[in-house]
Amino acid sequence: MKHHPIIAIVFVLLLRSAAFAEQSVPPVYGDHSNLLVYRDAGGREHAVKSKEDWAKRRGHVLLGMQQAMGALPERDKLPKLEVREGEVHKREEYTRITITFVAEVVDGKEDRVPAYLYLPAKRGDGEQPKQRPAMLVLHQTHALGKGDCDWEKGRTNRCLASELAARGYVVLAPDYPSFGDYTFDFAAMYKAGRYASGSMKGIFNHMRAVDLLQSREDVDGERIGVIGHSLGGHNAMFLAAFDERVKVIVSSCGWTPFHDYYGGKIAGWTSDRYMPRLREVYQLDAGKVPFDFYEVVAALAPRPFYSCSPTRDSNFDVMGVKKAGAKAKQVYELFKAEEKLVIEHPDSAHDFPPASREAAYKFIDEALSTMKSQR
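Keep in mind that this is a model prediction, so the values were computed, not measured. (Residues numbered from 1 in each chain as written. Predicted model: local features only at pLDDT ≥ 70, side-chain atom pairs only at ≥ 80, totals over all residues. Heavy atoms only, no water.)

Concerning the overall build of the chain
- The helix and strand inventory of the chain stands at ten helices and eleven strands.
- Here the C-alpha atoms of the chain give a radius of gyration of 20 Å, agreeing with the 21 Å that 2.2 N^0.38 yields for 375 residues.
- Projected onto its principal axes, the C-alpha coordinates of the chain cover approximately 65 × 45 × 45 Å.
- When each of the 375 residues of the chain is scored for burial, the buried share is 56%. (Helix = DSSP H or I, 4+ residues; strand = E, 2+ residues; numbered from the N terminus. Rg over C-alpha atoms; globule rule 2.2 N^0.38 Å. Buried < 20%, exposed > 50% of the residue type's maximum accessible area, 1.4 Å probe, protein only.)

Let's talk about the packing of aromatic side chains
- Summed over all chains, the structure comprises 20 aromatic pairs.
- Between F238 and F293, the aromatic rings sit 5.8 Å apart at their centres with planes inclined by 25 degrees, giving stacked as the arrangement. One end of the pair, F238, is in helix α6 (residues 231-242); the other, F293, is in helix α8 (residues 293-299), and 55 residues separate them in sequence. Considered together, F238 and F293 belong to a single accessibility category, that of buried residues.
- Pairwise contacts between aromatic rings join F238, W255, F258, Y261, Y262, W269, F291, F293 and F316 into one cluster.
- The ring of Y116 has K146 lying over it, and the distance from NZ or CZ to the ring centre is 5.0 Å.
- Positioned above the aromatic ring of F204 is the side chain of R194, whose terminal nitrogen or guanidinium carbon lies 5.5 Å from the ring centre. (Phe/Tyr/Trp six-rings, centres within 6.5 Å; stacked < 30°, edge-to-face > 60°. Lys NZ or Arg CZ within 6 Å of the ring centre and 35° of its normal.)

Things to note about the layout of surface pockets
- Approximately 410 Å³ is the volume attributed to the second largest pocket.
- Contributing elements (two or more residues each) for the lining of the second largest pocket: β4 (94-106), β5 (109-120) and α4 (186-192).
- Considering each element in turn, the lining of the second largest pocket owes the most residues, four residues, to β5. (1 Å grid on protein atoms, 1.4 Å probe; cavity = no way out; pocket = protein on both sides within 12 Å on 5 of 7 lines; lining within 4 Å. Points joined across faces, edges and corners; volume = space filled by probe spheres on them.)

Some words on unusual backbone geometry
- Cis geometry marks the peptide bond from A301 to P302, where omega comes out at 5 degrees.
- Tracing the sequence through the fold places P302 in the loop between α8 and β10 (305-308).
- The phi dihedral of E82 falls on the positive side, at around 45 degrees, and the residue is not glycine.
- Looking at the element boundaries, E82 is found in the loop between α2 (51-69) and β3 (84-90).
- Since its relative accessible area comes to 44%, E82 is described here as partly exposed.
- Even without a glycine there, the phi angle at K336 is positive, about 55 degrees.
- Tracing the sequence through the fold places K336 in the loop between α9 (318-334) and β11 (341-344).

So, in structure tokens, the structure goes:
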């Protein structure tokens with residue numbers, strides 16, 4: 001698939017600069033909820049009054065995330081994806097293919113990510129689109145991994161991959177390290193020193209998943225979105241913060257500011273799968289963490305972002321979401337895109353209810369079809 005060379009160069013330069021971000025210390029922001037300020041090299045505070053001003057603060061957000069997660073590895077010398085196909089499962093709505101693809105090669109050994117690839121069935125006798133929009137589906141915390149997003153195996157209200165494939169999207173649902181079929185040794189990863197968090201490894205893998213979707217001739221590489229629930233919800237946000245190829249983002253039960261996560265008790269974020277530095281470097285103090293979800297949501301602007309944040313979610317407190325949403329809206333307003341930030345609060349526990357999923361799917365449909373009409 002061919003892409004505009006200037007856009008490709010800018011994207012590579014952005015990623016290359018991000019790869020060295022850990023070597024730069026971001027300015028200290030004592031209040032991560034105060035989004036409409038940025039600090040210069042001397043630490044002086046300035047008001048964010050323009051998109052250019054916000055770009056400076058956004059750069060600091062990405063630096064802060066990498067202080068907590070470790071640097072994003074370089075992407076200018078990536079190995080071939082070398083997709084391998086396995087089991088093929090056909091349904092009326094789609095064909096599901098079990099695949100693996102190469103995320104990276106470490107010490108001569110391929111790190112292969114298991115995934116499900118869904119190809120929508122042809123509809124009727126009419127002309128079929130040569131390229132379709134695509135969705136990356138990120139699973140929740142469950143031993144099944146990608147399987148929990150599938151009609152054949154998944155739980156109620158979790159089968160996002162099957163539902164989106166039936167809706168006509170090419171869908172890729174990868175396993176997160178240590179879930180599903182993805183056997184992974186975090187101890188070895190940390191010993192090798194390439195990553196400082198499972199979260200950053202997830203971001204890197206998910207960017208490779210976007211690479212895979214863009215490589216396919218049946219995918220419109222300019223119309224790719226991401227959706228996830230819980231673990232997948234914040235992983236969708238983390239990916240989109242670093243990868244602007246993602247054009248629409250949906251997070252269900254995936255986030256709240258650190259001070260509102262179990263009253264500021266952030267130990268749940270510190271396992272090897274996530275961000276150990278929150279314990280080892282920042283002493284489990286939410287106030288010391290160098291980024292927060294106020295900033296992550298704002299970093300998605302002006303792209304469409306839909307959040308399903310239920311009123312009775314015991315993991316991610318809804319009051320924190322409401323506070324952060326109001327602050328992030330200020331940045332969306334800066335872009336005159338406030339209608340693209342949608343945060344809904346169904347009367348539900350930690351779940352992605354049918355009405356909310358349908359609203360999310362319509363949100364995705366509108367976002368990606370609008371982009372097609374503007375090309």
